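Commentary on secondary and tertiary structure
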Number of protein chains: 2
Amino acid sequence: MIRIGIAVLLLSSFFHAQNPGGFEPASTNVWGAAYPRVDANGKTEFRVKAPDATKVQVNFWGNPKLEMVKQTDGFWTATSAPLVPGFHYYTLIVDGAEVSDPGSHTFFGGGKDTSGIEIPEHSSTYYLPQDVPHGAVREIWYYSMVTGSWRHALVYMPPDYDTQTKVRYPVLYLQHGGGEDETGWIKQGHANFILDNLIASGSSKPMIIVMAYGYARRVDRPDPDITGKPFGSPEMMKAMQEMAQAFEDDLTQALMPFVDSNLRTISDRDHRAMAGLSMGGMQTFQVTFDHLDLFSYIGGFSGAAGQLVLGNRSLDPKTDFNGAIADPVAFAKRVHLLWLGVGTDEPAMMHSGIVKLHNSLDEAKIKHVFYESPGTSHEWQTWRRDLKDFAPRLFP
Amino acid sequence: MIRIGIAVLLLSSFFHAQNPGGFEPASTNVWGAAYPRVDANGKTEFRVKAPDATKVQVNFWGNPKLEMVKQTDGFWTATSAPLVPGFHYYTLIVDGAEVSDPGSHTFFGGGKDTSGIEIPEHSSTYYLPQDVPHGAVREIWYYSMVTGSWRHALVYMPPDYDTQTKVRYPVLYLQHGGGEDETGWIKQGHANFILDNLIASGSSKPMIIVMAYGYARRVDRPDPDITGKPFGSPEMMKAMQEMAQAFEDDLTQALMPFVDSNLRTISDRDHRAMAGLSMGGMQTFQVTFDHLDLFSYIGGFSGAAGQLVLGNRSLDPKTDFNGAIADPVAFAKRVHLLWLGVGTDEPAMMHSGIVKLHNSLDEAKIKHVFYESPGTSHEWQTWRRDLKDFAPRLFP
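As a starting point, this report considers the structure included with it. Predicted, not measured: the structure shown is a model, and the values here were computed from it.

Residues and elements named next belong to chain A. Cis geometry marks the peptide bond from Tyr-35 to Pro-36, where omega comes out at -5°. Structurally, the position occupied by Pro-36 is in the loop between β1 (24-25) and β2 (37-38). For His-190, which is not glycine, the phi torsion reads 60° and is therefore positive. Within the secondary structure, His-190 sits in the loop between α2 (184-187) and α3 (191-200). The phi dihedral of Lys-365 is positive, around 60°, even though this residue is not glycine. Here Lys-365 shows up in the loop between α8 (348-363) and β19 (369-373). On the accessibility criterion, Lys-365 (65% relative accessible area) is exposed.

Now for the side chain of Arg-269 of chain A. Note on placement: Arg-269 of chain A falls in the loop between α4 (234-262) and β16 (272-277). Residues in contact with Arg-269 of chain A, not counting those within four places in the same chain, are Leu-292, Asp-293, Leu-294, Phe-295, Ser-296, Arg-334 and His-336 of chain A.

All names here are of chain A. Burial analysis of strand β14 (residues 171-175) places 5 of its 5 residues in the buried class, which makes it a mostly covered element. Burial of the side chains of β14 extends over both faces: Val-171, Tyr-173 and Gln-175 are buried on one face and Leu-172 and Leu-174 on the other. Note that β14 and strand β15 (residues 208-211) share 3 bridges and pair parallel. Note on β15: the bridge partner recorded for Leu-172 is Ile-209.

All told, the structure shown has 52 aromatic pairs over all chains when counted by the stated rule. Seen from their ring centres, Phe-46 of chain A and Tyr-90 of chain A are 5.1 Å apart, and the 65° between their planes marks the pair as edge-to-face. With a gap of 44 residues between them, Phe-46 of chain A in strand β3 (residues 44-49) and Tyr-90 of chain A in strand β8 (residues 86-94) connect regions that are remote in the sequence. Tyr-90 of chain A carries the same exposure label as Phe-46 of chain A, and that label is buried. On the basis of an interplanar angle of 80° and a centroid distance of 5.5 Å, the ring pair of Phe-301 of chain A and Phe-390 of chain A is categorised as edge-to-face. In this pair, Phe-301 of chain A sits in strand β17 (residues 297-301) while Phe-390 of chain A sits in helix α9 (residues 380-390), placing the two residues 89 residues apart along the sequence. Residue classification places Phe-301 of chain A among the buried residues on the basis of a relative accessible area of 0%. The class of Phe-390 of chain A is buried, set by a relative accessible area of 0%. Aromatic ring contacts, followed pair by pair, group Trp-185, Phe-301, Trp-339, Tyr-371, Trp-380, Trp-383 and Phe-390 of chain A into a single cluster. Over the ring of Phe-107 of chain B we find Lys-187 of chain B, and its NZ or CZ is 5.3 Å from the ring centre.

With that out of the way, let us pick up the packing of α3 of chain A against α9 of chain A. Residues and elements named next belong to chain A. At a closest axis distance of 10 Å, the pairing of α3 and α9 adopts a crossing angle of 30°. Relative to α9, the element α3 lies roughly parallel. Seen from above, α3 lies across α9 with right-handed handedness. For the pair α3 and α9, contact is made by Ala-191, Ile-194, Leu-195 and Leu-198 and by Arg-384, Leu-387 and Lys-388, respectively. Of the residues in the contact of α3 with α9, the class split is 5 nonpolar, no polar and 2 charged.

Now for the sheet that holds β3 of chain A. All names here are of chain A. If you walk across this open sheet you meet the 5 strands as β1-β2-β3-β7-β6, and the pairing is antiparallel. Lying at the two open borders of the sheet, with one neighbouring strand each, are β1 and β6 (69-70). Two elements, β2 and β3, share 2 bridges in a ladder whose sense is antiparallel. Of the residues in β3, the one forming a bridge with Val-38 is Thr-44.

Cut-offs and rules
- Residues numbered from 1 in each chain as written.
- Chains lettered and ligands numbered in written order.
- Predicted model: local features only at pLDDT ≥ 70, side-chain atom pairs only at ≥ 80, totals over all residues.
- Heavy atoms only, no water.
- Helix = DSSP H or I, 4+ residues; strand = E, 2+ residues; numbered from the N terminus.
- Buried < 20%, exposed > 50% of the residue type's maximum accessible area, 1.4 Å probe, protein only.
- Contact = heavy atoms within 4.5 Å.
- Pairing = 2+ DSSP bridges.
- Phe/Tyr/Trp six-rings, centres within 6.5 Å; stacked < 30°, edge-to-face > 60°.
- Lys NZ or Arg CZ within 6 Å of the ring centre and 35° of its normal.
- Axes fitted to C-alpha atoms, helices over the stretch in contact; angles between N-to-C directions.
- Parallel < 35°, antiparallel > 145°, perpendicular 65-115°, else oblique.
- Left-handed = near helix turned anticlockwise from the far one by under 90°.
- Nonpolar A, V, L, I, M, F, W, Y, C, P; charged D, E, K, R; others polar.

As C-alpha cells, this is what we get:
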C-alpha cells in the first residue's frame with residue numbers, strides 16, 4: 001500500500017512537469033523531477049527540500065561551491081552561471097553531509113553513486129539516440145580466478161550482431177576513470193549511441209566494446225596494510241601497483257578468455273584495441289605495452305603512461321614502454337594506432353603532461369595521433385569526443 | 001588530477017575494509033565503504049559524515065525512523081535491530097533533507113535513486129550467482145510510436161542463447177513496482193541469477209525475460225492538468241488510467257513487436273507470460289486480460305486486479321476480467337497459469353485483498369495458484385520467492 005501510494009504521488013509529479021522561463025528539467029533527472037532544470041545557455045536551477053538545514057551548497061567537483069538560499073517553503077534554491085555543455089557530476093552539501101540530489105539520477109563517480117547533470121550541446125547529436133540501427137548493451141558476469149570472485153562487465157554489441165550470426169567482430173576494451181566503474185561509458189559517456197551513429201554513417205567498423213570493472217585485488221595476496229600511510233608513500237604506491245597488476249591479470253587471464261569464448265570475436269591482436277580515460281588510460285598503457293602480443297590499437301583519453309605524464313622526467317625511447325618504441329619503424333608496423341587526447345581546459349598538470357608526451361613522441365619519431373578537445377576539461381564531453389575521433393581509426 | 005586524487009583516496013579505503021565484531025560491509029555497498037555493515041543476525045550499523053547537522057535519522061520506509069547519534073569526529077552512527085533477510089530500501093534524513101547514504105549503491109525505488117541494503121538469508125543461494133551457466137542481461141532501446149520517445153528496457157537471455165542460434169525461446173514480461181523502474185528485477189530482484197539457477201537445476205525451461213519501463217504517456221494526448229486535485233480525485237484517477245493505457249499500448253504495440261523481431265522468441269500466446277509486482281501486478285492483469293490473444297500465463301506478485309484487491313467490492317465472475325472467467329472450464333483451457341502471491345507480513349489491506357481474490361477465485365472454481373511468502377512484507381524477498389515459484393510453472 002505504501003508503495004502504491006508513492007506511485008500515485010509520483011504519477012502526480014509526472015504529469016506536472018512545467019516549462020517556465022525556458023528552463024527544462026535535465027535529461028539526467030529522475031522522472032517527474034522538475035529540478036534541476038537547464039535553460040538554452042546552460043544556466044541551471046537547483047532545488048532541494050531541507051527544511052531544518054542551516055547551510056546547503058551545490059558542489060561541482062573542483063569548482064567553487066554554489067550557495068543555496070532557503071525559501072519560506074523549506075526548499076533551498078540556487079541558479080548557476082551557464083555550465084559547459086556535456087555531463088557534470090555534482091553533489092549537495094547539507095550541513096556538512098555530501099549527498100546526492102534526489103531529483104537527479106545517480107552515476108557512479110568519485111567512488112559512489114552521485115548526481116549528474118547533462119547540459120545539451122545544441123549542435124551535437126553524435127552521442128544521442130538517433131533513428132539508426134541500435135546495438136545492444138549486455139551485462140555479463142564472469143568468475144575470475146584472479147580475484148576469486150564474480151565480476152560484472154558491460155558489452156556493446158553492434159546492431160547486426162544478432163542477425164549476422166556467422167560474422168565475427170573486432171573488440172575494443174574501453175575503461176572508465178578513477179572513482180568510476182564499468183557503467184560509466186554507457187550511462188555518462190553514451191558510448192553505445194556514439195558507436196551506433198558512427199557505424200550507421202559508415203565512419204566506424206562494427207565492433208564489440210567490452211567495459212570492465214577497473215579495480216581488482218588478487219585472491220591469493222593478503223591486503224597490504226596502509227593504515228596511516230600518507231598519500232604517495234611507498235606503501236601506498238605499492239598497494240596501487242598491486243591493484244593495477246591484479247586488474248591487468250584479471251583482464252587478460254579471466255575477462256578476455258571469457259569474452260573470446262562467449263562472443264563472436266576475432267581473437268587476434270590485429271582485431272583488438274584498448275582505450276581508457278584518466279586512470280583507465282594509464283591502465284591501457286600498462287596492459288597494452290605489457291601485452292603487445294594481444295593488442296595493436298592503443299588509446300589514452302586524458303590519461304596515459306603513468307609517471308611520464310604525471311611525473312616530471314623525460315621520455316627515454318630506449319627503455320620506456322618496455323622498449324617497444326626504441327625502433328620507430330618497427331613500432332609503426334607493430335602498433336596500428338597510438339592515440340592521445342586531452343581537453344584544452346583540463347588542469348594544467350594533466351594538459352601539459354599529455355602535451356609533453358605528445359611532443360616527446362614526435363621527437364622520437366613515434367607515429368601517433370594527438371587530439372585536443374576545445375574548451376572542455378577532465379570530463380565526459382572530452383571523452384565522448386575522444387571516442388568519436390578514436391573509434392573510426394580502428395580496424396580499417 | 002582531481003579525479004586521480006580521488007581514485008587514490010578511494011584505493012586507500014578499498015584496502016581498509018575491516019571486520020570488527022562479526023560485522024561485514026553490506027554487499028550493496030559501494031566498493032571501499034565500510035558502512036553500512038551487517039552481522040550474522042541482520043543487525044546493521046550505519047555511519048555517515050554530517051559534521052554540521054543537528055538531527056540525522058535512518059528511514060526504512062514504513063517503519064519507525066532510527067535516530068543516529070553524533071560522534072566527536074563529525075560522523076553520525078546508529079545500530080538497527082536485526083533486519084529481515086532480503087533487500088531493503090532506506091534513506092537518510094539530514095536536517096529534514098531525505099537523501100541517499102553515500103556508502104550504499106543506489107537502486108531505483110520511490111521514484112528516485114535511493115539506498116538499499118542486502119541482509120543475507122543464510123540458507124538461501126537461489127538468488128545468488130552460482131557456478132552454473134549464466135545468461136546475459138542486455139539493455140535495449142526502442143523507439144515507441146505510442147510515446148514518441150526512445151525507451152529503455154532490460155532483457156535476460158538464457159545461458160545457451162548465443163550458442164544455440166537456431167533455438168527460439170518463450171518470453172516472460174516481468175514488471176517492476178510503483179516508484180521503481182526497469183532495472184529493479186535485476187539490481188534488487190536478481191531475476192537473472194534466479195533463472196540461471198532454476199535453468200541449471202532443470203526446474204525451469206530456458207526463457208527470455210523482458211523488463212519494461214512501467215510508465216508511459218501518449219505522444220498524441222495533452223497532459224491532463226491535475227494541479228491541486230486531491231489523491232483519489234476523478235481527475236487523478238483518469239490521469240492514472242490514461243497512463244496505464246499508454247503503458248499497455250506501448251508494451252503491446254511497440255515493445256513486443258520490437259522484441260519479436262529482434263530476439264529469437266516463439267511469438268505466440270502459448271509461449272508468452274506476463275507477471276509483475278505491486279503496480280506491475282495490476283498492469284499485468286490489465287494487459288493480459290485485455291490481450292488473452294497474446295498471453296496465456298499470468299502472475300500477480302503482491303498486486304493484481306486493481307479494484308478487486310484494493311477496493312471492497314466482490315468478484316463478479318460474469319463481468320470481471322472482461323468476462324474471461326465466466327466459464328471456469330473454458331478459462332482453464334485458455335489460461336495455462338493464473339498465479340497470485342503475497343507476503344504474510346504485508347500491510348493488512350494488501351494481504352487481505354489478495355487472499356480475498358484467491359478465495360473468490362476458488363469459490364468461482366477458477367483454477368489458479370496461490371502462494372504466501374512466510375515472514376516477509378511488501379518487499380523484494382517476497383518477489384524473489386514469487387519468481388522462484390512462478391518461473392518453473394511456465395512453458396512446461
